[in-house]
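Chain by chain, the residues:
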Amino acid sequence: MTESTNPVAALFEMTRKALRQKLELGETEIMIPRENLERMPEPVKDYENLEEFENDINECTKCPLHKGRTKFVFGVGNPDTDIIFIGEGPGREEDLQGEPFVGRAGKLLDKILAAINFERSEVYIANIVKCRPPNNRDPEPSEMETCLPYLLKQIEMINPRFICCLGRIAAQALLDTKLPLGKLRGDFHDWNDRKVMVVTYHPAALLRFPQYKRETWADVQMLRKAYDEFKASS
Ligand code: SF4
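Conventions we followed
- Residues numbered from 1 in each chain as written.
- Predicted model: local features only at pLDDT ≥ 70, side-chain atom pairs only at ≥ 80, totals over all residues.
- Helix = DSSP H or I, 4+ residues; strand = E, 2+ residues; numbered from the N terminus.
- Buried ≥ 20, exposed ≤ 12 C-beta atoms within 10 Å, placed from the backbone.
- Contact = placed C-beta atoms within 7 Å.
- Near = placed C-beta within 6 Å.
- Nonpolar A, V, L, I, M, F, W, Y, C, P; charged D, E, K, R; others polar.
- Core = buried A, V, L, I, M, F, W, Y, C linked by C-beta atoms within 7 Å.
- Expected span 1.5 Å × (residues − 1).
- Pairing = 2+ DSSP bridges.
- Axes fitted to C-alpha atoms, helices over the stretch in contact; angles between N-to-C directions.
- pLDDT = per-residue confidence, 0-100.
- Parallel < 35°, antiparallel > 145°, perpendicular 65-115°, else oblique.

**Student:** Quick question: what am I supposed to make of the overall build of the protein here?
**Tutor:** For the protein, the helix and strand inventory stands at 10 helices and six strands. Looking at the 234 residues of the protein, the share that counts as buried comes to 35%. The contacts of the protein with a sequence gap of at least 6 include a subset with a gap of at least 24, amounting to 70%.

The following block contains the structure:
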C-alpha cells in the first residue's frame, strides 16, 4: 500500500493497521508502532490571527528542510479572501525574501492573476512546504506530511471558497492522489465537503513549457467564472 501524503488519512491508516494487528494477535491493547507515533503530525493550536500563527511556527525544525532555510515562507495575502493559490514550496528567491512566488515564476503568477482581474493583494498565496527544498527538488512525502498541518490550519483560518493548486505536487498532496496533473486539471474537485478546488500548471512549469499556457488560461478563466457566480449569489 502506498503511503498517504495526507496527515489525516495517514492517521486513519495507522489506526486501522493497529486495530488489525490487535485482532490478529488476540491482544487486548492497541499496539501502535513507535516510529508511527513519532511521525504523527502534532495538532495545530488555535490562534487569534494568521500573524500569531506565523510567529508561533516560524522557527519550526520538524523536518530536515529547516536546515537549508534562509527564511521561513509562511504565505502572503488577504486573510479574508475567498480564493487561495497553493504551490509546492519556496524557490531560491522566495527563500531569500520570505515570501511565496516572488521570483520569475511569481511574476508570471502575477500576470495570470491580472489576466483574470485579480490583484495579488486580493488573494492568498501559500505553499505545501514552508522551507526551501535543496536545489529546488520536489519535497519528499515525509516533508509534506509533516508540514501540511500548517497549511491546513491556514486554510481553516482563511476559510476560502476556492482553492487553486498550482502544479502536480500541490494538487496531489491536497487531494491525496497519485493521478497526474493532466487528469486533475480542467475541472473542479470537492474538498472537505465545502471547498471547491481547481488544479492548473505551476508557473515555473509554464516558463519551461509555454505550450501549456493555453490550458492554464482555460483553467483560470473557469475559476474566475465560478468565483463571479459565487459572489453574485452570496
Ligand atoms: S518545511 Fe514545514 S515542517 Fe519542515 S521545517 Fe519547514 S516549516 Fe517545519
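**Student:** Please explain the site of the ligand as it appears in this structure.
**Tutor:** As a structural note, the neighbourhood of the ligand is formed by Cys60, Thr61, Lys62, Cys63, Leu65, His66, Val129, Lys130, Cys131, Glu143, Thr146 and Cys147. Tallied by class, the residues present in the shell around the ligand amount to six nonpolar, three polar and three charged.

**Student:** Sorry if this is basic, but what is going on with the nonpolar core here?
**Tutor:** Soluble globular proteins: nonpolar side chains tend toward being buried together. Core analysis: the biggest nonpolar cluster contains 45 residues, and Ile84, Ile86, Ile128, Cys164, Cys165 and Ala170 have the highest contact counts within it. At seven residues, the largest contribution of residues to this core is made by helix H6 (residues 141–158). In this view, Ile86 contacts Ala126, Asn127, Ile128, Ile163, Cys165, Leu166, Ala170 and Leu174; residues no more than four positions away in its chain are not counted.

**Student:** For this particular structure, what's the right way to read unusual backbone geometry?
**Tutor:** If a residue is not glycine, its phi is most likely negative; likewise, a peptide bond is most likely trans. Even without being glycine, Phe101 reaches a positive phi, approximately 55 degrees. Assignment of secondary structure puts Phe101 in the loop between helix H4 (92–97) and helix H5 (104–115). Despite not being glycine, Asp176 shows a phi value in the positive range, around 55 degrees. Within the fold, Asp176 resides in the loop between helix H7 (168–175) and helix H8 (181–184).

**Student:** Is there a simple way to think about H5 in this case?
**Tutor:** Turn by turn, an α-helix covers 3.6 residues, leaving residues three or four places apart pointing in a common direction. Helix length check: H5, at 12 residues, gives a terminal C-alpha distance of 17 Å against a target of 16 Å (1.5 Å per residue), a fit within 8%. Elements that come into contact with the buried residues of H5 comprise helix H9 (203–208) and helix H10 (213–233). Positive phi shows up at Asn117, right after H5, with a value of about 60 degrees.

**Student:** Sorry, what's going on with the environment of Asn136 here?
**Tutor:** On the secondary structure map, Asn136 appears in the loop between strand S3 (124–127) and H6. Under the C-beta neighbour-count criterion, Asn136 is labelled partly exposed, with 13 such atoms within 10 Å. Put simply, Asn136 and Gly89 are 47 residues apart on the chain and 8.3 Å apart in space, counted from C-alpha to C-alpha.

**Student:** Help me understand the sheet that holds strand S1 (residues 76–77) in this model?
**Tutor:** Sheet strands line up and pair through hydrogen bonds in the backbone, either parallel or antiparallel. Here six strands make up an open sheet; going across it, the order is S1-S3-S2-S4-S6-S5 and the pairing mixed. With partners counted over all chains shown, the strands left at the sheet margins are S1 and strand S5 (188–191), one partner each. Where S1 and S3 come together, two bridges link them in antiparallel fashion. In the sheet register, Gly77 faces S3, and the bridge partner there is Tyr124. Here H7 sits on the sheet and contacts strand S2 (83–87), strand S4 (162–166), S5 and strand S6 (195–200); the angle it forms with S4, its principal contact strand, is near 130 degrees.

**Student:** Sorry, what's going on with the environment of Leu65 here?
**Tutor:** Inspection of the secondary structure assignment puts Leu65 in the loop between helix H3 (50–57) and S1. Between the C-alpha atoms of Leu65 and Lys130, which are 65 residues apart in sequence, the distance is 8.6 Å. In contact with Leu65, other than residues within four places in its own chain, are Val129, Cys131, Arg132, Pro133 and Glu143.

**Student:** Would you take a moment to explain the pairing of S4 for this structure?
**Tutor:** Regular strands show a simple pattern: their side chains alternate between the two faces of the sheet. Of all five residues in S4, five are buried; the element is thus mostly enclosed. Taking every second residue as pointing to the same face, both faces of S4 are buried, with Phe162, Cys164 and Leu166 on one and Ile163 and Cys165 on the other.

**Student:** I tried to follow the pairing of S5 on my own but got confused; where do I start?
**Tutor:** For S5 and S6, the ladder comprises four bridges, and the chain directions are antiparallel. Among the inter-strand pairings, Trp191 is bridged to a residue of S6, identified as Lys195. In textbook terms, the turn of a hairpin is the stretch between consecutive antiparallel strands, and for S5 and S6 this stretch comprises three residues, one of which, Asn192, has a positive phi near 50 degrees.

**Student:** What should I look at first to understand the confidence of the model for the protein in this one?
**Tutor:** Parts of the prediction with low pLDDT should not have their coordinates interpreted in detail. The predicted model of the protein has a mean per-residue pLDDT of 87, with 82% of residues at 70 or higher. Considering each helix and strand of the protein separately, the mean pLDDT is smallest for helix H2 (residues 34–39), with a value of 50, and largest for S3, with 98. Counted against residues more than four places away or in other chains, residues 1–5, with its pLDDT under 50, gives 12 contacts.

**Student:** Is there a simple way to think about the packing of H3 against H6 in this case?
**Tutor:** Helices that pack against each other are described as a pair by the angle of their axes relative to one another and the distance between those axes. Two numbers describe how H3 lies on H6: the axes approach to 11 Å, and their chain directions differ by 170 degrees. The angle between H3 and H6 falls in the class roughly antiparallel. For the pair H3 and H6, contact is made by Leu50, Phe53 and Ile57 and by Tyr150, Lys153, Gln154 and Met157, respectively. Residues belonging to the contact of H3 with H6 are distributed by class as follows: five nonpolar, one polar and one charged.

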